[in-house]
Structure formats: C-alpha cells, structure tokens
Amino acid sequence: MMSLEEFLEMLDDIADEIPRKFFEGLNSGIILRPEAKVHPDSDPWKLLWVMGEYRISPTLGRSIYIYYGSFERLHGDLDRESLRKKVRHTVIHEFQHHLESLAGENGLAVEDARRMARYKRGDYLF
C-alpha cells in the first residue's frame, strides 16, 4: 500500500479531474482521514469498511471524507492503477451524493439503503 502522502497526491490528482462546478457548495471539500472506518451496522464476522462518505454538518457544511485506512485494509494489495480506480469510483460516488443533495434528490441514498438491506440479509455481494 502506498503511503498516506502518496495516497493524498493521488486523491488530489483525482479531484483535479472533477469539474470545478461540482465543488460548488462543498464547503469543506474532500477530506482525507488516515483511519479505517467500519460501518456502524457492520457484521463483526464480515466487516463492512467505509471507504468514503458525504456529510452535511451545521458547523462544517458539506464535505466528502475519504478513509485511507479503509482502503489500506481492503485494497492494500492492489497495484497503483487498480487502487486509483477504486479511489476514483469512491470519490465519484460521494460527489453524486453531493450533487443529488443540492438538487433535492436521493436516488443514490435509496440505492445505498437497498445495498445495506442486502448486506444485513447476508447477501454480501454488492
């Protein structure tokens, strides 16, 4: 797995690919967190790692969190290009949450809830 600094460089490069217009209203931008995060509803026998999340906070506003430690635990053995694809997918997913939130939509949140319901039933294939 690449270092936290290398991961941040890659994340910055991915962010540079996103049209600037998509960042409107994203008060705190993209925040890289060093820790791994397990979903609070995770099965202790089949952990569900949180790779990224979109947050709206009364104090920080809108932000996207990316969890380096989760990528390290789940994808630490991937080559650089494969890891980049996973990170890019996560960033795009969180931007979709952001843009839908601005538009008053919640289609992706509904799909995420469906996936979580499948996970809770024991269907771990997303």
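For the structure given in this document, a descriptive report is provided here.

Procedures and definitions
- Residues numbered from 1 in each chain as written.
- Predicted model: local features only at pLDDT ≥ 70, side-chain atom pairs only at ≥ 80, totals over all residues.
- Heavy atoms only, no water.
- Axes fitted to C-alpha atoms, helices over the stretch in contact; angles between N-to-C directions.
- Helix = DSSP H or I, 4+ residues; strand = E, 2+ residues; numbered from the N terminus.
- Parallel < 35°, antiparallel > 145°, perpendicular 65-115°, else oblique.
- Contact = heavy atoms within 4.5 Å.
- Nonpolar A, V, L, I, M, F, W, Y, C, P; charged D, E, K, R; others polar.
- Expected span 1.5 Å × (residues − 1).
- Buried < 20%, exposed > 50% of the residue type's maximum accessible area, 1.4 Å probe, protein only.
- Arc of directions from axis to C-beta.
- Left-handed = near helix turned anticlockwise from the far one by under 90°.
- Core = buried A, V, L, I, M, F, W, Y, C linked by side-chain atoms within 4.5 Å.

Some remarks on the packing of helix H3 (residues 80-103) against helix H4 (residues 107-120)
Then, number 1: Two elements in contact, H3 and H4, have axes separated by 8 Å at closest approach and are oriented at 130°. As summarised for this structure, H3 and H4 are arranged oblique, according to the angle between their axes. The segment H3 lies against H4, with His93, Gln96, His97 and Glu100 engaging Gly107, Leu108, Ala109 and Asp112.
Then, number 2: Per-class residue counts for the contact of H3 with H4 are two nonpolar, four polar and two charged.

Observations regarding H4
Then, number 1: A rise of 1.5 Å per residue sets the reference length of H4, with its 14 residues, at 20 Å; its end C-alpha atoms lie 20 Å apart and thus fit the reference within 8%.
Then, number 2: Of the residues making up H4, those classed as buried are Leu108, Met116 and Tyr119. Seen from one end, H4 has its buried residues packed into an arc of 85°, which puts them on one side.
Then, number 3: As for H4, its buried residues are in contact with H3.
Then, number 4: Once H4 ends, the next one or two residues include Gly122, with phi positive near 100°.

What about the packing of helix H1 (residues 4-17) against H3?
Then, number 1: The contact between H1 and H3 brings their axes to 10 Å, and the two run at 55°. On the basis of the axis angle, H1 is oblique to H3. As H1 runs across H3, the sense of the crossing is right-handed. Every residue of H3 that contacts H1 at Glu6, Phe7, Met10, Leu11, Asp13, Ile14 and Glu17 is listed here: Arg80, Leu83, Arg84, Val87, Arg88 and Val91.
Then, number 2: Considering only residue class, the contact of H1 with H3 consists of seven nonpolar, no polar and six charged.

Focus on the side chain of His97
Then, number 1: Structurally, the position occupied by His97 is in helix H3.
Then, number 2: Classification of His97 by relative accessible area gives buried; the value is 15%.
Then, number 3: The contact partners of His97, leaving out residues within four places of it in the chain, are Tyr54, Leu108, Ala109 and Asp112.

Examining the nonpolar core
Then, number 1: Counting residues in hydrophobic clusters, the biggest one holds 21 residues, and the most contacted among them are Phe7, Ile66, Val87 and Val91.
Then, number 2: The set of elements that each furnish at least two residues to this core consists of H1, strand E5 (61-67), helix H2 (68-75) and H3.

A look at the environment of Glu72
Then, number 1: With respect to the element layout, Glu72 can be found in helix H2.
Then, number 2: A relative accessible area of 38% places Glu72 in the partly exposed class.
Then, number 3: The spatial distance from the C-alpha of Glu72 to the C-alpha of Leu32 is 13 Å, given a sequence separation of 40 residues.

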